[in-house]
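# Coordinates in review
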Amino acid sequence: MTTIADVAREAGVSVSTVSHVINGTRRVSPATASAVQAVIDAVDYRPNVVARSLKTASTRSVGIAISAIANPYFTDIICAIETECARLGMMIFLSDTQDDPARELQVLTALHQRRVDGVILAPSPDPERRALAYLQATRLVDYVAGLGHRRIGYIGGHPGFQTTLERIVGYRDSLARLGLAFDERYLVNGAASTARAAEAAEALLSLPDPPTAIVTGNNMATIGAMRAVRARGLRVPADVSIAGFDDFEWADCFEPRLTLVAQPCEEIGRRAAFLLMERIAAPQGARRTIRLDAALTLRDSCGRPR
């Protein structure tokens, strides 16, 4: 097996110079770096990652702990993270926390034992977590109310998620700002599955004075709401309007086409990877929160109430 000493001898440099070329830990002249890299390629030298990690305290690896991996919203983000990490020479370990705080802790413990340099986490609904009072749902509720709807239902995501809590705050704040009374009957939990969301939508539609518009907190809730409306023989948007969060590739293929808030999934993944690299490089550095703008994509699933 070829060793780093073999590469150094063949390239006519020191072992430390080869190490610096491989790890990028010190500037090496372009000519020397090119000569070392040529030898590495010629002899097919592959560094021992485990041994190197013991010396550098870096495994060049990142953990991703996230729920609902099959959700297209998260899939796009994961792909962007993987692309950015690959560009930076980092491998990723991907784990599904299954929306369970206990499972989340188990996953994080396992990632730590594998000496990953950092973890990108989409937190589970842990009641100990503090929510941020931020929301872009205001523009969604504003749009629906602007069409003339006064009974606006909301199907939230999984209880305890930061995004779920923030969007509920935005829903209620928007109603108050628009002078519309908040009716707790119109706020229901759809979790993160189409089945639960369909049940939540059915509960809204069964009210004596059902909402004329339903806003959904994620794409699974949107699909579930559409199913419930059609199961009742109602039409969208003639009988009830639907608008929601998390645009997805086939939203144009629904009939009617879905009005959704599109979030910059690729940019979210790229920024997440970048922030993690910052944290790895400076563990005691100042914390940063980055908020990216969403865009309301208007299609056909919202109309004026009858």
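We now turn to the structure provided with this report. (Residues numbered from 1 in each chain as written. Predicted model: local features only at pLDDT ≥ 70, side-chain atom pairs only at ≥ 80, totals over all residues. Heavy atoms only, no water.)

### Quick word on the overall build of the protein chain
The secondary structure content of the protein chain amounts to 11 helices and nine strands. Looking at the protein chain as a whole, 41% of its 306 residues are labelled buried. Within the protein chain, contacts between residues at least 6 apart in sequence are counted, and of these 72% link residues at least 24 apart. (Helix = DSSP H or I, 4+ residues; strand = E, 2+ residues; numbered from the N terminus. Buried < 20%, exposed > 50% of the residue type's maximum accessible area, 1.4 Å probe, protein only. Contact = heavy atoms within 4.5 Å.)

### Thoughts on the packing of helix 5 (residues 72-87) against helix 11 (residues 265-281)
Relative to each other, helix 5 and helix 11 sit at 45°, their axes nearing to 7 Å. As far as their axial angle goes, helix 11 and helix 5 are oblique. The interaxial crossing formed by helix 5 with helix 11 has right-handed handedness. Here Tyr73, Asp76, Ile77, Ala80, Ile81, Glu84 and Cys85 of helix 5 come into contact with helix 11, specifically with Cys265, Glu266, Ile268, Gly269, Arg270, Ala272, Ala273 and Met277. A class-by-class count of the residues in the contact of helix 5 with helix 11 yields 10 nonpolar, one polar and four charged. (Axes fitted to C-alpha atoms, helices over the stretch in contact; angles between N-to-C directions. Parallel < 35°, antiparallel > 145°, perpendicular 65-115°, else oblique. Left-handed = near helix turned anticlockwise from the far one by under 90°. Nonpolar A, V, L, I, M, F, W, Y, C, P; charged D, E, K, R; others polar.)

### Here's the deal with the pairing of strand 8 (residues 259-262)
In this structure, strand 7 (residues 241-245) lies alongside strand 8, joined through three bridges in parallel fashion. Looking at the pairing, Phe245 lines up with Val261 of strand 8. The pairing of strand 8 with strand 9 (residues 295-297) spans three bridges and is classified as antiparallel. When the sheet's bridge partners are listed, Val261 is paired in strand 9 with Leu296. (Pairing = 2+ DSSP bridges.)

### Section: the pattern of salt bridges
Pairs can form between side chains of opposite charge once their charged atoms are near each other. In the structure shown here, the tally under the stated rule is 15 salt bridges. For Arg257, the salt bridge is made with Asp300, and the minimal N-O distance between the two is 2.9 Å. In this pair, Arg257 is assigned in the loop between strand 7 and strand 8 and Asp300 in the segment after strand 9, connecting sequence segments 43 residues apart. Relative accessible area serves as the criterion here: at 32%, Arg257 is assigned to the partly exposed category. (Salt bridge = Lys/Arg side-chain N within 4 Å of Asp/Glu carboxyl O.)

### With respect to helix 3 (residues 30-43)
Look at helix 3: 20 Å from first C-alpha to last across 14 residues, which is about the 20 Å you get at 1.5 Å a residue. Once helix 3 ends, the next one or two residues include Asp44, with phi positive near 55°. (Expected span 1.5 Å × (residues − 1).)

### Observations concerning the packing of aromatic side chains
Tallied over the full model, the rule gives four aromatic pairs. The interplanar angle of 25° and the centroid separation of 5.1 Å between the aromatic rings of Tyr154 and Tyr171 together place this pair among those described as stacked. Of the two residues, Tyr154 is situated in strand 4 (residues 152-156) and Tyr171 in helix 8 (residues 162-177); the sequence distance between them amounts to 17 residues. Here Tyr154 matches Tyr171 in class, with each residue buried. Classification of Tyr171 as buried rests on a relative accessible area of 0%. Cluster of aromatic residues (ring-pair linked, three or more members): Tyr154, Tyr171 and Phe182. The ring of Phe245 is capped by Arg167, whose NZ or CZ atom sits 3.9 Å from the centre of that ring. (Phe/Tyr/Trp six-rings, centres within 6.5 Å; stacked < 30°, edge-to-face > 60°. Lys NZ or Arg CZ within 6 Å of the ring centre and 35° of its normal.)

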